[in-house]
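Survey of secondary and tertiary structure
In case you want the letters, here they are:
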Amino acid sequence: MNSGNIYLKELEDESIYVLREVAAQFERSALLFSGGKDSIVLSYLAKKAFAPAKIPFPLLHIDTGHNFPETLTYRDEWAKKIDARLIIRYVQDSIDKGRVQEETGFNASRNLLQTATLLDAIEELKLDACMGGARRDEEKARAKERFFSHRDEFGQWNPKNQRPELWDLFNGKKNIGEHFRVFPLSNWTELDIWQYIKEENIPLPSLYFSHQREVIERSGQLLAKSDYLNLRETEKGKMMQVRFRTIGDMTCTGAILSEASTIDEIVAEVAASRVTERGTRSDDKRSETAMEDRKKVGYF
């Protein structure tokens, strides 16, 4: 990293400190990996934190079955590149077992169904800490999280039951069956992430860069046309020049009109934006408290 960028270096040092604290305090941890830019940066930092040794915890991906193909290709290549163990658990398996029920209707999505699959994976793998790439600037519910976020034996989060984190002291004490979600990127912003990606020359999925894609417009959002979308008769696909600011389930991840095809252009675009990247996610618009409601029952 350019030594002149002191601010990014401080963020990097803070995140690496948190990653090492997780390795020191917990016995069985995992890094929740979506194939999005934040989890990519987090896994890159994990590689740095423990070099020359291997990353001491696996990447855990909860696959909805409705992911962008580009994301899955990148996921597998990236895990090999950083020499990390990759564990995948599938929402389809949860559906087949009757653990969750497939949504129906035009706005059906598997995004919420990931929660049961994740909680089952945590129990199966006996995880006591799950690290995620969430940042406080993403959404108001995210802003309530501490670095170490306690979850009870049911995987539930109580925003009023957060522990103080004075002087960078993190309390990982828990009872049997409980676990922690840990967010080493809490103090980063979207712009910080992109500037760090530029500084470190981190490769990303092509979805983040401007490209031609067939999309449909729904409730003011541009959704990639796919076999997973239940289309109304009035909804017709149209080729547009777009890119994605965030990557998730294809049924709820919106694109933006953009000509930004390089990281420099994306940095300039993000710096000028007045809408958070979560503003492109239809799952956050189901209710005023959609994200917090999902997080309380165990969502990322």
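This structure is a prediction, so every number in the text was calculated from the model and none was measured.

About the criteria used
Residues numbered from 1 in each chain as written. Predicted model: local features only at pLDDT ≥ 70, side-chain atom pairs only at ≥ 80, totals over all residues. Heavy atoms only, no water. Pairing = 2+ DSSP bridges. Helix = DSSP H or I, 4+ residues; strand = E, 2+ residues; numbered from the N terminus. Axes fitted to C-alpha atoms, helices over the stretch in contact; angles between N-to-C directions. Contact = heavy atoms within 4.5 Å. 1 Å grid on protein atoms, 1.4 Å probe; cavity = no way out; pocket = protein on both sides within 12 Å on 5 of 7 lines; lining within 4 Å. Points joined across faces, edges and corners; volume = space filled by probe spheres on them. Nonpolar A, V, L, I, M, F, W, Y, C, P; charged D, E, K, R; others polar. Phe/Tyr/Trp six-rings, centres within 6.5 Å; stacked < 30°, edge-to-face > 60°. Buried < 20%, exposed > 50% of the residue type's maximum accessible area, 1.4 Å probe, protein only. Lys NZ or Arg CZ within 6 Å of the ring centre and 35° of its normal.

Some details on the sheet that holds strand 5 (residues 148-151)
Strand order in the open sheet formed by 6 strands is 3-2-1-4-6-5, with mixed pairing between adjacent strands. Bordering the open sheet on either side are strand 3 (86-90) and strand 5, each of which pairs with just one other strand. The mean angle between the axes of side-by-side strands here comes to 30 degrees, regardless of whether they run parallel or antiparallel. Relative to strand 6 (residues 179-182), strand 5 is paired through 4 bridges, and the arrangement is antiparallel. Bridge pairing in strand 6 links His-150 to Phe-180. Against the sheet, helix 2 (residues 37-50) contacts strand 1 (29-32), strand 2 (59-63) and strand 4 (129-131), and its axis sits at roughly 140 degrees relative to strand 1. Against the sheet, helix 3 (residues 69-81) makes contact with strand 2 and strand 3, and its axis sits at roughly 165 degrees relative to strand 2, the strand it touches most.

Side note on the sheet that holds strand 10 (residues 254-257)
Ordered by their spatial adjacency, 4 strands build a closed barrel running 7-8-10-9, and the pairing between neighbours is antiparallel. Averaged over all neighbouring strand pairs, the angle between strand axes comes to 70 degrees, with direction disregarded.

Re the layout of surface pockets
What the largest pocket holds in volume is close to 370 Å³. Lining the largest pocket are 19 residues, and of these Lys-126, Leu-127, Asp-128, Gly-177 and Glu-178 sit closest to its centre. Of all the elements, helix 5 (residues 114-125) adds the most residues to the lining of the largest pocket, at 3 residues. Grouping the constituent residues of the lining of the largest pocket by class yields 6 nonpolar, 5 polar and 8 charged.

As for the packing of aromatic side chains
Evaluated as defined, the whole model comprises 13 aromatic pairs. With a centroid separation of 5.8 Å and an interplanar angle of 85 degrees, the aromatic rings of Phe-50 and Phe-57 are classed as edge-to-face. Here Phe-50 and Phe-57 have matching classes, each one buried. Members of the aromatic cluster, joined through ring pairs, are Tyr-17, Phe-26, Phe-147, Phe-148, Phe-170 and Phe-180. Above the plane of the ring of Phe-147 lies Arg-136, whose end atom (NZ or CZ) is 5.1 Å from the centre.

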